[in-house]
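Structure assessment
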Amino acid sequence: RQHDGPLIKKAEQFITASYRELGKSEKEMKRRLNEIRWEVEQTGTYSHTYEELSYGAKMAWRHSNRCIGRLFWQSLHVIDAREAATVDEVFSYLFHHIEFATNGGKIRPAITIFRPNGEVRIWNHQLIRYAGYETEEGMIGDPSSLTFTRACEQLGWKGEKTPFDVLPLVIQVGGQQPVWTPIPKELVLEVPIEHPEFPWFRDLQLKWYAVPMISDMCLEIGGISYMAAPFNGWYMGTEIGARNFADDNRYNMLPKVASCMGLDTSSNASLWKDKALVELNIAVLYSYKKAGISIVDHHTAARQFQLFEQQENAAGRHVTGDWTWLIPPLSPATTHIFHRSYDNTTMLPNFFDQDRPYE
Ligand code: HEM
Ligand SMILES: N=C(Nc1cccc(CNC[C@@H]2CCCN2)c1)c1cccs1
């Protein structure tokens, strides 16, 4: 498929950059370029070698301007799932990804890459996420899952209406009708949230899933669009403690935490929201560590990102970033990121938002 700019130009750009970084000879690069030109002439597209696919995925992570976790870009595990042609084979690769990435809590950053150009689509935003429901008694679960939960119910899925119903996997193969399947419970590792000093914290009955696995972005490498390429890392604590549990249009826990702490929630100036926020984030980091599940605090993550900046400069590469996403939502000015600016230019290969197949 040709889109925004001839395919061959994007292929040449990618092969030239990646083969140089991989230390391949000019001879080998030219031979490969001719091979691709021929394939594009004959078929209108071309296929990546596993090495091109693997290194392209790592470059895409390195170019993800909104990602604070890029120091480890070279250690990404790349799983080639382009042979998967049926619904069962795709589900099997997705269950394998969940198992491989979770690794009993010692999370391994990984990406599973299915065949390109929309032959496989994944409807989920993340492979594991909680359902959201609008009921007469109000919201149950994760409000950000409202529309996808409705789509799942239309396909025949029924949730138990708890605040933490794990949604089913929903995929489309070969442009066929969407198919869903529940995720086997033994594959879903979750963390009960408790606090090192406040025993009442567990009575809030909060939990969260161990592994964030983004499954709705498009990976573009050398002009080829891999629209189903789920990838995971580990969480930064603030994602859960300062957004998923704290946002008033998510689980909206700050008022409850503050009242359990006995804070004066009648005046902003008591900074009750800030005190509750810090304790919520302490609880998240404490609980993941206690459960032996990989997680990083925002101070350590910022330091690692600074090492990434230094490493890239040492390699003679220009660092790009999106300041508005790179600063953590808790205590941003305590990190170096807040105090400098970033060039938000889009480099290729990269990950892109794409239209939802439902909605
Ligand atoms: C290894 C641990 C990792 C950590 C701690 C981490 C951390 C983060 C955080 C905190 C965000 C912002 C998310 C938000 O505010 O909603 C983010 C964004 C992002 N990360 Fe990472 N990341 C990691 C690994 C990865 C990996 C393995 C990939 C891909 C191969 C990746 C690609 C991205 C992309 C594409 C975004 C932007 C998402 C968007 O635009 O919606 N990250 N990362
Ligand atoms: N730690 C992670 N967090 C992350 C990364 C990319 C995207 C997201 C989800 N971002 C969307 C949410 C919902 C609105 C604002 N944030 C989370 C990772 C997920 C997958 C690899 S790392």
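Quick look at the structure, then. (Residues numbered from 1 in each chain as written. Chains lettered and ligands numbered in written order. Predicted model: local features only at pLDDT ≥ 70, side-chain atom pairs only at ≥ 80, totals over all residues. Heavy atoms only, no water.)

**Re the environment of Ala131**
Take Ala131: it is sitting in the loop between strand E3 (120-122) and strand E4 (132-135). In this structure, the C-alpha to C-alpha distance between Ala131 and Met261, residues 130 residues apart in sequence, is 29 Å. Beyond its immediate chain neighbours, meaning those up to four positions away, Ala131 contacts Ile140, Gly141, Asp142, Ser145, Thr149, Trp157, Asp165 and Leu167. (Helix = DSSP H or I, 4+ residues; strand = E, 2+ residues; numbered from the N terminus. Contact = heavy atoms within 4.5 Å.)

**Re the site of ligand 2**
His125, Pro212, Ile214, Phe231, Asn232, Gly233, Trp234, Tyr235 and Glu239 make up every residue found near ligand 2. The backbone of Trp234 places a nitrogen or oxygen atom 3.0 Å from a nitrogen atom of ligand 2. One of the side-chain nitrogen or oxygen atoms of Glu239 is found 2.6 Å away from a nitrogen atom of ligand 2. In isolation ligand 2 offers 520 Å² of accessible surface; the protein chains occlude 65% of this area. Of the residues contributing to the shell around ligand 2, the split by class is 5 nonpolar, 3 polar and 1 charged. (Near = heavy atom within 4 Å. Polar contact = N/O pair within 3.5 Å; in protein donor to acceptor, adjacent residues only side chain to side chain. Areas by Shrake-Rupley, 256 points an atom, 1.4 Å probe, with all protein chains shown as cover. Nonpolar A, V, L, I, M, F, W, Y, C, P; charged D, E, K, R; others polar.)

**Quick word on the sheet that holds strand E11 (residues 217-221)**
The strand order across the open sheet built from 3 strands is E12-E11-E16, with neighbouring strands paired in antiparallel fashion. Looking at strand neighbours, the two that pair on one side only are strand E12 (224-226) and strand E16 (350-353), the edges of this open sheet. Going across the sheet, the axis of each strand differs from the next one's by a mean of 35 degrees, ignoring polarity. Sheet topology note: the E11/E16 ladder contains 4 bridges and is antiparallel. Across the sheet, the residue bridging to Cys218 is Phe352, located in E16. Running over the sheet, helix H3 (residues 50-62) touches E11, E12 and E16 and is turned about 120 degrees from E11. (Pairing = 2+ DSSP bridges. Axes fitted to C-alpha atoms, helices over the stretch in contact; angles between N-to-C directions.)

**Side note on the site of ligand 1**
Not every one of the 16 residues close to ligand 1 is listed here, only the nearest: Trp61, Arg66, Cys67, Phe231 and Asn232. Side-chain polar atom of Trp61 to a nitrogen atom of ligand 1: 3.4 Å apart, as the coordinates give it. Residue Arg66 places a side-chain N or O atom 3.1 Å away from an oxygen atom belonging to ligand 1. Counted by class, the shell around ligand 1 contains 11 nonpolar, 3 polar and 2 charged residues.

**Notes on the pattern of salt bridges**
Applying the stated criterion to the full structure yields 25 salt bridges. Residue Glu35 pairs with Arg32 through a salt bridge whose shortest N-O separation is 2.7 Å. One end of the pair is Glu35 and the other is Arg32, both in helix H2 (residues 26-43) and 3 residues apart, which spans about a single turn. Owing to a relative accessible area of 39%, Glu35 belongs among the partly exposed residues under this scheme. Among the ionic pairs, Lys207 bridges to Glu190, the shortest N-O distance being 3.3 Å. Remark: Glu190 occurs in strand E8 (residues 190-192) and Lys207 occurs in strand E9 (residues 207-209); sequence separation between them is 17 residues. Owing to a relative accessible area of 28%, Lys207 belongs among the partly exposed residues under this scheme. In this structure Glu190 comes out as partly exposed when scored by relative accessible area, which is 24%. Residues joined in a network through salt bridges with shared partners are Glu21, Arg62, Glu312 and Arg317. (Salt bridge = Lys/Arg side-chain N within 4 Å of Asp/Glu carboxyl O. Buried < 20%, exposed > 50% of the residue type's maximum accessible area, 1.4 Å probe, protein only.)

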